[in-house]
Amino acid sequence: MSESASSSLLARSMRRRSFFRVAGATVAASTLVLAGCVKDPVEPTDTQVTTLNLGEGDTGLLNYLLLLEQLEAAFYQKVVTTPPTDLQAGELAALTDLRDHEVVHREFFRQLLGSNAQPTIEFNFSTINFSSRASVLAAARTFEDLGVAAYNGAAKLFTSREILALVSKIASVEARHAAFIRDLIQPTDPFGGVVEGSGAYSGLGTVLTPPQVIAAATSFFPYTIVVSGLPTA
Amino acid sequence: MNILQLLADLDAVDPEAYQRLSGRRGALTGLGQAGRRAVAAAVPLAFGTMLTKAYGRRPNTVLDVFTLALTLEYLESEFYKQALASTLAFPGNSKAVFQQIYKHEQDHVAFLEQTLRLSGAVLPDKPRFDFTGSKNGTQAALFPTVFQDFGTFLKVAQLLEDTGVRAYKGQVGTLITDNDLLEAAVRIHAVEARHAAHIRGLRRALGANVRDWVSPADEVITTKGVTDAVYAGEELTRQQLPVVDQKIPFFPTETTQIVTSTPAKAQISLGEAFDEPMSDVTASAIAALFIYG
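As recorded in an unreviewed UniProt entry, chain B goes by the name Ferritin-like protein, listed as coming from Hymenobacter chitinivorans DSM 11115.

In structure tokens, the structure reads:
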């Protein structure tokens with residue numbers, strides 16, 4: 001029972017928050033190193049918390065996907081908490097469903113990563129007008145399409161069959177989300193820009209590498225995200 | 001020479017040798033299919049002994065995966081082709097979108113055919129399809145009005161697309177040995193999921209109780225013992241985790257705080273948040289409902 005309790009979301013997020021708060025102080029950081037956190041792939045690299053290194057291998061890839069799920073969950077949480085007044089009937093319920101799915105995905109990756117999971121992040125959503133349906137749905141489309149392209153690019157980088165199988169279970173749900181948001185915005189052109197239209201890969205979904213995804217989302221992150229340790233092939 | 005089979009057999013006996021030849025860790029990345037073929041052509045000389053051993057065992061291979069995928073893409077492509085050529089009335093702008101979906105399926109067929117051809121494999125015969133499910137009139141039809149009634153057409157489309165998503169997902173473990181082919185399959189898988197979601201949205205607009213994602217709360221459109229395999233096992237709300245120490249073997253644990261909604265709603269969300277894989281055997285059986293001769 002104590003094992004279960006210590007893995008509860010509340011307990012873990014409190015630990016992470018306090019870790020991040022003290023990470024700015026050299027003395028405290030040294031203490032954490034002595035306490036055995038030296039292998040933590042997400043330890044801050046400076047006395048100021050300015051970078052988040054996602055790490056290497058399958059663990060780094062899971063932290064990469066966790067980052068995207070955190071971003072989506074935080075976004076929809078904000079939408080659901082203060083919804084635009086011009087949302088149409090039924091849309092808030094659907095966006096709440098998306099929030100719930102993203103929270104499940106986020107907690108799933110946290111549980112899979114255990115003590116290797118990144119801290120809770122406060123994202124910068126200042127470019128989104130949360131009182132406008134159009135602004136919120138445009139942002140949702142960006143996040144969902146980016147997520148699908150990210151999963152398309154990340155799958156081949158995993159070495160564990162078990163983890164790949166689990167990740168692929170989420171990838172198609174993100175594609176369903178993306179299609180749902182697009183049907184709200186552009187029902188007559190649901191696939192424009194996200195399915196290759198010509199060439200050898202015509203008919204395949206668009207794909208982005210981790211550096212491309214991080215670059216596309218950089219304005220939402222409060223600090224530099226380092227993905228150079230992730231596998232590239 | 002069947003190169004995909006060759007590579008798969010090689011992987012079975014000596015994964016390290018296979019990885020030197022395949023694109024798994026970048027050896028062939030960027031070279032594409034032609035490069036793969038050129039390198040694989042050298043395989044028998046270098047690994048003759050190993051292959052002799054390999055042919056003694058035939059697990060589910062990359063070739064099997066692409067052959068199954070091609071059958072399913074033939075099925076979907078032919079389904080939309082027949083629908084678009086029929087007298088079926090497509091409301092609003094839906095016909096233009098189904099023309100796009102049909103083109104995607106044609107592209108998938110072309111991609112898979114090309115990959116198999118370049119590997120030296122013999123392409124499977126394109127089956128004969130009857131989308132009413134009557135096996136060309138030899139038995140009672142499952143969907144007699146599939147190309148007359150838009151609602152029935154959408155139901156069959158949903159069943160086929162959701163099957164496609166689950167079938168590709170069931171094969172990623174086999175494809176992990178090859179970066180290029182895995183990525184291609186995952187990218188097709190995502191397009192099928194977009195198709196499935198769009199079709200589900202069209203059904204909802206017609207009044208069906210259905211979501212864009214597979215939900216335990218969706219109204220049932222399958223027949224027990226016939227089409228229910230399409231969603232069998234999708235209701236899973238707990239995921240097995242590959243942890244070494246077995247301390248937290250599944251998600252969620254009793255204490256995982258996942259959703260701020262009610263516990264009942266959280267259970268539904270857990271079912272919706274993960275699409276489950278389908279075995280090749282099940283996918284073939286579902287495809288067989290629409291194949292005759």
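Draft legend 1. Inspection of the overall build of chain A at higher detail. When its secondary structure is counted, chain A shows 8 helices and 2 strands. Taken from N to C terminus, the helices and strands of chain A fall in the order α-α-α-β-α-α-α-α-α-β. In chain A, which comprises 233 residues, the proportion classed as buried is 56%. Look at the contacts in chain A between residues 6 or more apart in sequence, and 74% of them connect residues 24 or more apart. Of the roughly 9100 Å² of accessible surface on chain A, 57% is carried by carbon and sulfur atoms.

Draft legend 2. Spotlight on the nonpolar core. Residues Tyr64 and Phe75 of chain A together with Phe79, Phe98 and Phe153 of chain B are the most contacted members of the largest nonpolar core, which totals 129 residues. At 14 residues, helix H5 (residues 62–85) of chain B tops the list of elements feeding residues into this core. With near-sequence residues (within four places) excluded, phenylalanine 98 of chain B lies in contact with Tyr80, Leu84, Phe90, Phe150, Phe153, Leu154, Ile199 and Leu202 of chain B. Counting residues in each nonpolar core, the second largest holds 6 residues, with Ala178 of chain A together with Val165, Ala190 and Ala193 of chain B among its members.

Draft legend 3. Local environment of the interface of chain B and chain A. Between chain B and chain A, the residue contacts involve 69 residues of the former and 69 residues of the latter. Carbon and sulfur atoms make up 61% of the surface buried where chain B meets chain A, a total of about 5700 Å² over both sides. The largest per-residue losses of area from chain B upon contact with chain A belong to Arg187, Arg194 and Trp213 of chain B, which jointly make up 16% of the total buried on that side. The tally of links between chain B and chain A comes to 8 salt bridges.

Draft legend 4. Examining the packing of aromatic side chains more closely. Inspection of every chain in the model, using the stated rule, returns 32 aromatic pairs over all chains. Ring centres 5.4 Å apart and planes at 80° place the aromatic pair phenylalanine 108 of chain A and phenylalanine 251 of chain B in the edge-to-face group. Here the residue phenylalanine 108 of chain A occupies a position in helix H5 (residues 91–113), and phenylalanine 251 of chain B occupies one in strand E3 (residues 250–251), the pair thus bridging two chains. Among the residues examined, phenylalanine 108 of chain A registers a relative accessible area of 0% and is labelled buried. Residues tyrosine 80 of chain B and phenylalanine 153 of chain B carry aromatic rings whose centres are separated by 6.4 Å and whose planes lie at 80° to one another, so their mutual orientation is edge-to-face. Within this pair, whereas tyrosine 80 of chain B is found in helix H5, its partner phenylalanine 153 of chain B is found in helix H7 (residues 150–169), the two being separated by 73 residues in sequence. Of the two residues, tyrosine 80 of chain B and phenylalanine 153 of chain B, both sit in the buried class.

Draft legend 5. Structural context of helix H10 (residues 263–272) of chain B. Listed as buried for H10 of chain B are Ala266, Ser269, Leu270, Gly271 and Glu272 of chain B. Residues of H10 of chain B that are buried sit in contact with H5 and helix H7 (161–185) of chain A together with E3 of chain B.

Draft legend 6. Structural view of the packing of H5 of chain B against helix H11 (residues 280–288) of chain B. Residues and elements named next belong to chain B. Running from amino to carboxyl end, H5 crosses H11 at an angle of 30°, the nearest separation of the two axes being 11 Å. Taken together, H5 and H11 sit at an angle that is classed as roughly parallel. When the axes of H5 and H11 are compared, the crossing they make is left-handed. Listed contacts from H11 to Leu68, Leu72 and Leu75 of H5 are Asp280, Ala283, Ser284 and Ala287. Grouping the amino acids of the contact of H5 with H11 by side-chain chemistry returns 5 nonpolar, 1 polar and 1 charged.

Draft legend 7. A look at the packing of H7 of chain B against helix H9 (residues 179–205) of chain B. Residue and element names in this part refer to chain B. For the pair H7 and H9, interaxial distance at closest approach is 8 Å and the crossing angle is 155°. With respect to their mutual orientation, H7 and H9 come out roughly antiparallel. The interaxial crossing formed by H7 with H9 has left-handed handedness. Of H9, the residues touching H7 (which contributes Leu154, Lys155, Ala157, Gln158, Glu161, Asp162, Val165, Tyr168 and Lys169) are Ala185, Ile188, His189, Glu192, Ala193, His195, Ala196, Ile199, Arg200, Leu202 and Arg203. Taken together, the residues of the contact of H7 with H9 sort by class into 10 nonpolar, 3 polar and 7 charged.

Draft legend 8. Representation of the confidence of the model for chain B. All names here are of chain B. In the predicted model, chain B carries a mean pLDDT of 86, and the fraction of residues at 70 or more is 77%. In the model, residues 41–49 has pLDDT below 50 throughout and makes 13 contacts with residues more than four positions away in sequence or in other chains. In this model residues 51–58 is a low-confidence stretch, pLDDT under 50, and it forms 15 contacts with partners more than four residues away in sequence or in other chains. Here the complex is predicted with pTM 0.84, and the ipTM for its interfaces comes to 0.85.

Draft legend 9. Seen up close, the environment of phenylalanine 143 of chain B. Residue and element names in this part refer to chain B. With respect to the helices and strands, the residue phenylalanine 143 is situated in the loop between strand E1 (128–129) and H7. Separated by 143 residues in sequence, phenylalanine 143 and isoleucine 286 place their C-alpha atoms 14 Å apart. Beyond its immediate sequence surroundings of up to four residues, phenylalanine 143 is in contact with Phe131, Thr132, Thr152, Val156, Leu159, Thr227 and Phe290.

Draft legend 10. Layout of unusual backbone geometry. All names here are of chain B. Residue phenylalanine 251 is joined to proline 252 through a cis peptide bond whose omega torsion reads -10°. Its place among the elements puts proline 252 in the loop between E3 and H10. In this model, lysine 135 sits at a positive phi of 50°, which is unusual for a non-glycine residue. Tracing the backbone through its elements, the reader meets lysine 135 in the loop between E1 and H7. For asparagine 136, which is not glycine, the phi torsion reads 60° and is therefore positive. Locating asparagine 136 in the fold gives a position in the loop between E1 and H7.

Draft legend 11. Representation of the side chain of histidine 101 of chain A. Along the chain, histidine 101 of chain A turns up in helix H5. Once residues within four sequence positions are removed from consideration, histidine 101 of chain A is found in contact with His177 of chain A together with Trp213, Ser269, Glu272 and Ala273 of chain B.

Draft legend 12. Broad picture of helix H6 (residues 133–154) of chain A. All names here are of chain A. With 22 residues, H6 extends 31 Å from end C-alpha to end C-alpha; this agrees with the ideal 32 Å at 1.5 Å per step. Of all 22 residues making up H6, 17 are buried, and the element is well covered by its neighbours. The distance from a side-chain oxygen at the start of H6 to the backbone nitrogen of alanine 134 is 3.3 Å, and the residue carrying that oxygen is serine 132.

Draft legend 13. A look at the pattern of salt bridges. For the coordinates displayed, the defined rule picks out 23 salt bridges over all chains. For the salt bridge of lysine 156 of chain A with glutamate 183 of chain B, the shortest nitrogen-to-oxygen distance reads 3.2 Å. Of this pair, lysine 156 of chain A sits in the loop between H6 and H7 while glutamate 183 of chain B sits in helix H9, on two different chains. The closest approach of N and O atoms between aspartate 212 of chain B and arginine 204 of chain B, which form a salt bridge, is 2.9 Å. A relative accessible area of 0% places aspartate 212 of chain B in the buried class. On the accessibility criterion, arginine 204 of chain B (32% relative accessible area) is partly exposed. Here the salt bridges share partners, and the residues they tie into one network are Arg176 of chain A together with Asp162, Arg200, Arg211, Asp218 and Asp275 of chain B.

Scoring rules and cut-offs
Residues numbered from 1 in each chain as written. Chains lettered and ligands numbered in written order. Predicted model: local features only at pLDDT ≥ 70, side-chain atom pairs only at ≥ 80, totals over all residues. Heavy atoms only, no water. Helix = DSSP H or I, 4+ residues; strand = E, 2+ residues; numbered from the N terminus. Buried < 20%, exposed > 50% of the residue type's maximum accessible area, 1.4 Å probe, protein only. Contact = heavy atoms within 4.5 Å. Areas by Shrake-Rupley, 256 points an atom, 1.4 Å probe, with all protein chains shown as cover. Core = buried A, V, L, I, M, F, W, Y, C linked by side-chain atoms within 4.5 Å. Buried area = accessible area lost by both parts, 1.4 Å probe. Salt bridge = Lys/Arg side-chain N within 4 Å of Asp/Glu carboxyl O. Phe/Tyr/Trp six-rings, centres within 6.5 Å; stacked < 30°, edge-to-face > 60°. Axes fitted to C-alpha atoms, helices over the stretch in contact; angles between N-to-C directions. Parallel < 35°, antiparallel > 145°, perpendicular 65-115°, else oblique. Left-handed = near helix turned anticlockwise from the far one by under 90°. Nonpolar A, V, L, I, M, F, W, Y, C, P; charged D, E, K, R; others polar. pLDDT = per-residue confidence, 0-100. Expected span 1.5 Å × (residues − 1). Polar contact = N/O pair within 3.5 Å; in protein donor to acceptor, adjacent residues only side chain to side chain.

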